[in-house]
Amino acid sequence: MLAQQKSGTHRVSFSGEWRAKESIAMDGNIVCCYNSGDRMLAKTMKIEEQVNFLTVEVSSSFPGTAPVTSQEKLAFDGKAGEIDNGPGRGKKFTVKLSGDGQTMTVNSIVHLMVATPYHVNVQKQTFVYITEVWKLSNDGRSISVQASAKSSLIGSERSWKTVFDKVG
């Protein structure tokens, strides 16, 4: 499935180096809950597609801090992946690839500790529910990521789109 479609022609893949004007999290402005090195904060990604998973390597940081490099494995087996960022912080996610290999859906639950309004020294657990739909263009030159997020802290859902263009 990776190299050929049923018609026998080569299909486009997620593999390559990709660059966007803004990160998926729009520099953290949409959902301010990521750690440096998180793929959601990266404006560039290096992706290697395998038969059953993608490996996404990024370097990202918050303004004024040193970049942190990380690698995330997005497996298509339906099992939940997990990233632990310390006490009360992290992410659980599942990934589904469409039958034609052109669309990938990532559902994540990010958990973090945030200051309680009017009591900054009191932390409480907050969850952010995120859906990302990654779609490869027919020519394989861009990936559009349609994302939506809803927080247990802020009840309304927000949606946005980020486009990554292939480098080279």
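Scoring rules and cut-offs
Residues numbered from 1 in each chain as written. Predicted model: local features only at pLDDT ≥ 70, side-chain atom pairs only at ≥ 80, totals over all residues. Heavy atoms only, no water. Helix = DSSP H or I, 4+ residues; strand = E, 2+ residues; numbered from the N terminus. Polar contact = N/O pair within 3.5 Å; in protein donor to acceptor, adjacent residues only side chain to side chain. Patch = residues over 30% accessible without salt bridge, like charges linked within 9 Å, V, L, I, M, F, W, Y side chains within 5 Å. Areas by Shrake-Rupley, 256 points an atom, 1.4 Å probe, with all protein chains shown as cover. Salt bridge = Lys/Arg side-chain N within 4 Å of Asp/Glu carboxyl O. Pairing = 2+ DSSP bridges. Axes fitted to C-alpha atoms, helices over the stretch in contact; angles between N-to-C directions. Buried < 20%, exposed > 50% of the residue type's maximum accessible area, 1.4 Å probe, protein only. Core = buried A, V, L, I, M, F, W, Y, C linked by side-chain atoms within 4.5 Å. Contact = heavy atoms within 4.5 Å.

*Asks:* Would you take a moment to explain the side chain of Ser-23 for this structure?
*Replies:* Mapping Ser-23 onto the fold places it in the loop between strand E1 (16-19) and strand E2 (44-49). From its side chain, Ser-23 meets the backbone oxygen of Met-40 in a polar contact 3.4 Å long.

*Asks:* What is the right way to look at a nonpolar patch on the surface in this model?
*Replies:* Residues Ile-109, Phe-127 and Tyr-129 make up a contiguous nonpolar surface patch of roughly 260 Å² in combined accessible area. If you trace the backbone, Tyr-129 turns up in strand E8 (residues 119-136).

*Asks:* Just checking my understanding: could you explain the sheet that holds strand E7 (residues 103-116) for this structure?
*Replies:* Picture the strands of a sheet paired through backbone hydrogen bonds; they go either parallel or antiparallel. Spatially, the ten strands line up as an open sheet ordered E4-E3-E2-E1-E10-E9-E8-E7-E6-E5, and their pairing is antiparallel. Strand pairing shows two members of the sheet lacking a second neighbour, strand E4 (68-75) and strand E5 (81-84), which therefore form its edges. Within this sheet the neighbouring strands show an average axis-to-axis angle of 25°, counted without direction.

*Asks:* Looking at this model, I keep getting lost on the pattern of salt bridges. Mind explaining?
*Replies:* Side chains that differ in sign of charge can pair as their charged atoms come close. Counted under the stated rule, the structure contains four salt bridges. Arg-19 is the salt-bridge partner of Glu-17, the closest N and O atoms lying 3.9 Å from each other. In this structure, the salt-bridge partner of Arg-39 is Glu-72, at a minimum N-O distance of 3.2 Å. With Arg-39 in the loop between E1 and E2 and Glu-72 in strand E4, this pair connects stretches of sequence that are 33 residues apart. For the pair formed by Arg-39 and Glu-72, the shared burial category is buried.

*Asks:* Please clarify how the nonpolar core should be interpreted in this entry.
*Replies:* Inside soluble globular proteins, nonpolar side chains tend to come together where they are buried. With 34 residues, the main nonpolar core has Phe-14, Ile-24, Ile-47, Met-104, Trp-134, Ile-143 and Phe-164 as its most contacted residues. Considering every element that reaches this core, the biggest residue donor is E7, with five residues. Non-local contacts of Trp-134, meaning those with residues more than four positions away in its chain, are made with Phe-14, Ile-24, Arg-39, Met-45, Ile-47, Gln-102, Thr-103, Met-104, Val-106, Ile-143, Ser-144 and Val-145.

These values are about where atoms sit, not about what they do.
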